Amino acid sequence: MHDHRSEQPMQPDLFHQSSKLPFIDHDLGDACIREYPRLFAPAYADELLETLLAQIPWRQDSIRMAGKRIPVPRLQCWMGDHGSGYGYSGISLEPVPWQPPITAIRQKIQALGHADFNSVLLNYYRDGRDSVGWHADDESELGANPVIASLSLGAERKFQLRHKRDKNRDRYHMLLRNGSVLFMGKTLQNNWLHQLPKETTLHSPRINLTFRQVTPRHRS
Ligand SMILES: O=C(O)CCC(=O)C(=O)O
Ligand SMILES: [Mn+2]
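Predicted model, so just to flag it, every value in this text is computed and none were measured.

On to the nonpolar core, then. Judged by nonpolar contacts, the single largest core of 32 residues is most densely connected at L52, I102, I109, L122, L153, L209 and F211. Contributions of two or more residues to this core are made by α1 (42–55), β6 (75–80), α2 (100–113), β9 (119–125), β11 (148–154), β14 (181–184) and β16 (206–212). Beyond its immediate chain neighbours, meaning those up to four positions away, L209 contacts L52, I102, V120, L121, L122, A149, S150, L151 and L153. Core analysis: the second largest hydrophobic core is formed by 21 residues, L121, Y125, V132 and I148 among them.

If you want it as structure tokens, here you go:
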């Protein structure tokens, strides 16, 4: 695997007013991920993890496959503005209202990324048996070129990317550190898939927050 990291901004239009916080740009050629490895100090991130474990109304969602309901291998919660519901197999889920710690985080992340986010998907990986499989966040509600911001709290997990069409492209591997934030750039969801693989020897929890700008689908 090649190391495509660089310290230079790859998408100056997106991240034009660089803050003084240290960041790493992961250049995938046709997409870019900007990582702030320590946006939140470990002690604050640990505290936030505990607060969210206790306060968030975690739910076990399931997907429909071949007529069966299969539980997803993690707990989830949708939070956001009223009306920013997300379509899920034809169902639009109304998000739970913003909660104070998340509102403050959202403001910080919006200011850093010069982007607006009207909702957040929270994922709770109870231990290394929980995961998310290969996918791209390319649903129509997110628009053509969504920027998605992703905050990691708790256990460090592997994050893997593979190109959607070019099978010869190397996979790209990253570590999602406690208190880190990724900005997944505009073209990432169109060109790459990502996953968080199972790590069965890991016994500690992780929470991930992905901030998104959702435009509800209009139905007749
Ligand atoms: O937990 C993560 O870091 C990734 C979650 C994710 O990709 C998603 O919820 O769409
Ligand atoms: Mn995703």
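Bringing the environment of P197 into the picture now. Considering the arrangement of structural elements, one finds P197 in the loop between β15 (192–196) and β16. For the pair formed by P197 and S131, sequence separation is 66 residues and the distance between their alpha carbons is 5.5 Å. Setting aside chain neighbours within four positions, we find P197 in contact with S131, R157, K158 and Q160.

Turning our attention to the site of ligand 1. By nearness alone, every residue bordering ligand 1 is listed as L121, N123, Y125, H135, D137, L176, H194, L196, R206, N208 and R212. Here an oxygen atom of ligand 1 sits 3.3 Å away from a polar atom, N or O, in the side chain of N208. In the complex, the protein chains occlude 96% of the 290 Å² of accessible area that ligand 1 would expose alone. Given that more than half its atoms are within 2 Å of the pocket grid, ligand 1 belongs to the largest pocket. Only β9, β15 and β16 provide two or more residues apiece to the shell around ligand 1.

Basis of the calculations
Residues numbered from 1 in each chain as written. Chains lettered and ligands numbered in written order. Predicted model: local features only at pLDDT ≥ 70, side-chain atom pairs only at ≥ 80, totals over all residues. Heavy atoms only, no water. Core = buried A, V, L, I, M, F, W, Y, C linked by side-chain atoms within 4.5 Å. Buried < 20%, exposed > 50% of the residue type's maximum accessible area, 1.4 Å probe, protein only. Helix = DSSP H or I, 4+ residues; strand = E, 2+ residues; numbered from the N terminus. Contact = heavy atoms within 4.5 Å. Near = heavy atom within 4 Å. Polar contact = N/O pair within 3.5 Å; in protein donor to acceptor, adjacent residues only side chain to side chain. Areas by Shrake-Rupley, 256 points an atom, 1.4 Å probe, with all protein chains shown as cover. 1 Å grid on protein atoms, 1.4 Å probe; cavity = no way out; pocket = protein on both sides within 12 Å on 5 of 7 lines; lining within 4 Å. Sits in = over half its atoms within 2 Å of the grid points.

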